[in-house]
Amino acid sequence: MLVEIKDAPFEPYQCLLDYQANAGFAGKYGATAAFVGTMREFNQGDDVEAMLLEHYPGMTEKYLEKISAEAATKWNILDSLIVHRIGEMLPNDPIVLVAVWSAHRAEAFDASRYLMEELKSRAPFWKKERLAEQTRWVEKKT
Amino acid sequence: MTTKAVITVKFFASLREHVGQTEAEVAESGMKSVADVWSQATNNMALPENTLMAVNMEYVDSSCTVKAGDEVAFFPPVTGG
């Protein structure tokens, strides 16, 4: 189980491969579910030029570790990885990677969905978008 | 060895801009709850309705009690992922 905050652009698929190569579950996993969130060049009908992602150092990591531990309790999974970007980013930059490994697909699908939903509702991150003429904080979505 | 009887207060994102400060220290004396800490640190600004609160990096509500050495944080709904 690993949680990582990156303050520079990262390649999520390389992170997944690197973690998998060094993990202790070789030969045991039959399923890998990966979710990658990417920055769009539009939001709420406006062109977005850039985005600043802020976090609460310490609490963010704590909550990502907490939800990872919860997923490992709720489902029979082998391992999980969460990588999340902070700082100034541009459209097409990856924002988040959530990956889960399990013996069978149902657990990997369900646990990765859980991690993403809990991350979005509980992990302290905030997005501020830069549009052509202004900046604005992203409001909570339902 | 004495430690200062203070509570550290942090503000994040739009709420930091709203209150105009990133971090503050308030004297622990007279501080019973997170709501008291907010009032003291912000000079009695109204607490925005959807504000989230944490004590020592755990979510709490505004009635949560506080003690010297605590870190109290206020921030808007989270928007990561």
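Structure shown above.
It should be emphasised that the depicted structure is a prediction, and the values quoted were computed from it without experimental measurement.

**Student:** Quick one: what's the story with the overall build of chain B, residue by residue and with numbers?
**Tutor:** When its secondary structure is counted, chain B shows 2 helices and 5 strands. Listed by position from the N terminus, the elements making up chain B come as β-α-β-α-β-β-β. In terms of overall dimensions, chain B is globule-like: its C-alpha atoms have a radius of gyration of 12 Å, near the 12 Å expected for 81 residues. For chain B, the spread of C-alpha atoms along the principal axes amounts to about 45 × 25 × 20 Å. Per-residue burial over chain B gives 33% buried out of 81 residues. Counted over contacts in chain B with a minimum sequence separation of 6, partners at least 24 positions apart contribute 55%.

**Student:** Break down the nonpolar core for me, citing the residues and quoting the values.
**Tutor:** Among the nonpolar cores identified, the biggest contains 51 residues, and A:Ile82, A:Val100, A:Leu115, B:Phe12, B:Val37, B:Ala73 and B:Phe75 are the most heavily contacted of them. It is strand S8 (residues 94-102) of chain A that contributes the most residues to this core, 7 residues altogether. Every residue in contact with A:Ile82, bar those within four places of it in the chain, is listed here: A:Val3, A:Leu64, A:Ser68, A:Val98, A:Leu115 and A:Leu119.

**Student:** Describe the pairing of strand S1 (residues 6-11) of chain B, listing the residues and the values that go with them.
**Tutor:** Residue and element names in this part refer to chain B. Here S1 runs beside strand S2 (residues 23-27); their pairing, made up of 5 bridges, is antiparallel. From the neighbouring strand, Thr8 faces S2, where its bridge partner is Glu25. Two strands pair when backbone bridges link them, and S1 and strand S5 (residues 71-75) are joined in this way by 4 bridges, in the parallel orientation. Paired with Val9 across the two strands is Val72, which belongs to S5.

**Student:** A description of the interface of chain A and chain B should follow, citing residues and the corresponding values.
**Tutor:** With 21 residues of chain A at the contact, the number on the chain B side is 13 residues. Of all elements in the fold, only helix H2 (59-74), S8, helix H3 (105-122) and strand S9 (125-130) of chain A reach the threshold of two or more residues within the side of chain A that touches chain B. Considering only residue class, the side of chain A that touches chain B consists of 12 nonpolar, 3 polar and 6 charged.

**Student:** Pulling in residues and values, what's your account of H3(A)?
**Tutor:** Helical geometry: 3.6 residues make up each α-helical turn, so side chains three or four residues apart lie on a common side. Residue and element names in this part refer to chain A. Given a rise of 1.5 Å per residue, 18 residues ought to cover 26 Å, and the 26 Å separating the end C-alpha atoms of H3 matches this to within 8%. Within the span of H3, buried status applies to Glu107, Ala108, Ala111, Ser112, Leu115 and Leu119. Viewed along the axis of H3, the buried residues span an arc of 120°, placing them on a single side of the element. Along H3, the residues that are exposed and aim more than 90 degrees away from the buried face are Arg105 and Glu117. Each element contacted by the buried residues of H3 is listed here: strand S2 (31-38), H2, strand S6 (79-85) and S8.

**Student:** Could you give an account of the environment of A:Tyr63, naming the residues involved and the relevant values?
**Tutor:** Position of A:Tyr63 among the secondary structure elements: in helix H2. Each C-alpha atom of the pair A:Tyr63 and A:Leu90 lies 26 Å from the other, and the pair is 27 residues apart in sequence.

**Student:** Provide a residue-level description of unusual backbone geometry, including the pertinent values.
**Tutor:** Residues and elements named next belong to chain B. At Asn56, a residue that is not glycine, the phi angle is positive and equals roughly 50°. Its location among the elements puts Asn56 in the loop between strand S3 (52-55) and strand S4 (58-60). We note that Met57 has phi near 70°; this positive angle belongs to a residue other than glycine. In this structure, Met57 sits in the loop between S3 and S4.

Thresholds applied
- Residues numbered from 1 in each chain as written.
- Chains lettered and ligands numbered in written order.
- Predicted model: local features only at pLDDT ≥ 70, side-chain atom pairs only at ≥ 80, totals over all residues.
- Helix = DSSP H or I, 4+ residues; strand = E, 2+ residues; numbered from the N terminus.
- Rg over C-alpha atoms; globule rule 2.2 N^0.38 Å.
- Buried ≥ 20, exposed ≤ 12 C-beta atoms within 10 Å, placed from the backbone.
- Contact = placed C-beta atoms within 7 Å.
- Core = buried A, V, L, I, M, F, W, Y, C linked by C-beta atoms within 7 Å.
- Pairing = 2+ DSSP bridges.
- Nonpolar A, V, L, I, M, F, W, Y, C, P; charged D, E, K, R; others polar.
- Expected span 1.5 Å × (residues − 1).
- Arc of directions from axis to C-beta.

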